[in-house]
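Breakdown of the fold
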Amino acid sequence: MRPAAEAAGLTVTTPTAPARIRRQLPATPWLFAAPGLLVTGAFVLYPFVSTVVNSFTDRRTLIPGRFVGLANYRELLHDDMFWTGLRNSALYIAGVVPALVILPLLLALLVHRNIPGITFFRSAFYTPVVASVVVVGLIWVWLLDERGLVNSLLETVGVGRVGFLSDQWLLLLSAMAVTVWKGLGYYMIIYLAALANVPRELHEAAAVDGAGPVRRFLTVTVPAVRSTMVLVAALSSVAAFKVFSEVYLMAGPSGGPAGEDTTLVMLVQRTGTGLTGRVGYASALSVVVFAVTVALMLLVLRADRREES
């Protein structure tokens, strides 16, 4: 056909290979994306939509619910345990986030230099990150127990035993310490990647101008890694607000003395599980946790943009 058309003076255009592929297999990109979309839809989108729908019902574990409108959300406003969980989650953010923004940066500066044996210390600082949170929590419970190692040492030096796990505020502070200790290595790695991109010439120029280590840290290092500090603040804020394992392991299912150390996520777990679990009410709690988490991230990002402008 083509020689005959050319002999007749007609121009024949042959589609290129990419054009033929696009015309013959228009669904090919969707076939590649299908596994990821199915997993996301089954384990992220569907549970999220189901939780939002259940929050407007009185569903229980074994009893299908009926639509009750905003009744669950109105009940939240009069639930003392909800305000206790919100208070503890907010206190957790206030106690954990500043430490996880500053201490990993100082730790990264400590292990940033390439000196003999520094790899061992980097691995040692990162070890708590890969350890199971259950194992870490149990170790700290054994250390801080009334008959644990810490109290034995305090009694030996004459201080006396301290109720780390029986006092409301000491228990919450102990859980914060575990969270900070376990997260130091993770955020240290993030800061190490940021410090690797800081030009050495800036430090050399500041040193020539007579700036000491502290001034170089404040005027060179901090501005260079400020965006990383915002990222760490956002990640640690979300993780601190959704804390569960550390407080649960150290305070127990009841949430400490009289439940005063209960966090919002612990309240969701306690309310929505079991044969008589109030799934609808727990779903409303989960929606509130999601909304506050999104608000936290937006506040951090807005503060970062305001500082840049």
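Here, every reference points to the structure presented above.
A brief report on the enclosed structure follows. (Residues numbered from 1 in each chain as written. Predicted model: local features only at pLDDT ≥ 70, side-chain atom pairs only at ≥ 80, totals over all residues. Heavy atoms only, no water.)

Once that is clear, we can look at the packing of aromatic side chains. Tallied over the full model, the rule gives 7 aromatic pairs. Measuring from centroid to centroid gives 5.7 Å for F56 and Y73, while their planes differ by 50 degrees, and the two rings are tilted. Of the two residues, F56 is situated in the loop between α3 (28-54) and α4 (71-77) and Y73 in helix α4; the sequence distance between them amounts to 17 residues. By relative accessible area, F56 is classed as partly exposed at 26%. If you follow R278 out to its NZ or CZ, it ends over the ring of Y281, 4.5 Å from the centre. (Phe/Tyr/Trp six-rings, centres within 6.5 Å; stacked < 30°, edge-to-face > 60°. Helix = DSSP H or I, 4+ residues; strand = E, 2+ residues; numbered from the N terminus. Buried < 20%, exposed > 50% of the residue type's maximum accessible area, 1.4 Å probe, protein only. Lys NZ or Arg CZ within 6 Å of the ring centre and 35° of its normal.)

This next bit is on the environment of F241. Within the secondary structure, F241 is located in helix α12 (residues 226-241). Along the backbone, F241 and P29 are 212 residues apart, and their C-alpha atoms lie at a distance of 38 Å.

To continue, consider the environment of V97. Assignment of secondary structure puts V97 in helix α5 (residues 80-111). Every residue in contact with V97, bar those within four places of it in the chain, is listed here: Y92, A233, S236 and S237. (Contact = heavy atoms within 4.5 Å.)

If you check helix α9 (residues 168-195), its first and last C-alpha atoms are 39 Å apart, about what 28 residues at 1.5 Å a residue would give, namely 40 Å. Taken as a whole, α9 carries its principal kink of about 40 degrees at L184. With 20 of 28 residues buried, α9 is to be regarded as a mostly interior element. (Expected span 1.5 Å × (residues − 1). Bend = angle between axes of the 7 residues up to and from the residue.)

Another aspect to go through is the nonpolar core. In this structure, L76 and Y92 are the most contacted members of the largest nonpolar core, which totals 63 residues. Here this core takes 14 residues from α9, the largest share from any one element. Ignoring anything within four residues of it in the chain, the contact list for L76 reads F82, W83, Y281, A284, L285 and V288. (Core = buried A, V, L, I, M, F, W, Y, C linked by side-chain atoms within 4.5 Å.)

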